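Structural description and commentary
Each chain is listed here by its residues.
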Amino acid sequence: YKHAPSRDLAAAVHRRMLEHTGLEDFGLVGAFNYHPIRRITWMPAILLEQAFMSHPADEAAMLDAAFRARTAEAVRLGLEDFLRGR
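I will try to describe carefully the structure that is included in this document. All values derive from a computational prediction rather than experimental measurement.

Conventions adopted
Residues numbered from 1 in each chain as written. Predicted model: local features only at pLDDT ≥ 70, side-chain atom pairs only at ≥ 80, totals over all residues. Heavy atoms only, no water. Phe/Tyr/Trp six-rings, centres within 6.5 Å; stacked < 30°, edge-to-face > 60°. Helix = DSSP H or I, 4+ residues; strand = E, 2+ residues; numbered from the N terminus. Buried < 20%, exposed > 50% of the residue type's maximum accessible area, 1.4 Å probe, protein only. Salt bridge = Lys/Arg side-chain N within 4 Å of Asp/Glu carboxyl O.

A separate point is the packing of aromatic side chains. Pairs of aromatic rings are described using the distance from one ring centre to the other and the angle between the two planes. Overall, the coordinates contain one aromatic pair when judged by the stated rule. Pairing F26 with F52 gives two aromatic rings, centres 5.6 Å apart and planes at 90 degrees, and the pair type is edge-to-face. Residue F26 is found in the loop between α1 (7-21) and α2 (35-38), and its partner F52 is found in the loop between α2 and α3 (56-62); the two are separated by 26 residues along the sequence. On the accessibility criterion, F26 (58% relative accessible area) is exposed.

Take a look at the structure:
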């Protein structure tokens, strides 16, 4: 996330991603300078990097349909948590 209003959304998705994937926690990075999310918008915006293709174990996981389904589920649950104010 880049702007403070997006932090709670990023935290909700981050928490669910760790719960559902077993991936290593690289932390929640604020002030990320990715062009589409750094522009001021009227809505929260985050960039999710759940795994790295340069890491063989992550690449293998991303090739697994069940892993991709778990990551999608984690994002959905994180969005729902954020919208419910959890």
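Still more to cover.
What follows covers the pattern of salt bridges. Enumeration over the complete set of coordinates arrives at five salt bridges. R16 serves as the salt-bridge partner of D81, at 2.6 Å between the closest nitrogen and oxygen. On the criterion of sequence distance, the pair formed by D81 in helix α4 (residues 65-84) and R16 in helix α1 is long-range, its members being 65 residues apart. Considered together, D81 and R16 belong to a single accessibility category, that of buried residues. A salt bridge links E73 to R76, with the nearest nitrogen and oxygen atoms 2.6 Å apart. Of this pair, E73 and R76 both sit in helix α4, three residues apart, which is roughly one turn of that helix. When its relative accessible area of 31% is taken as the criterion, E73 is described as partly exposed. Through salt bridges with shared partners, a single network forms among E73, R76, E80 and R84.

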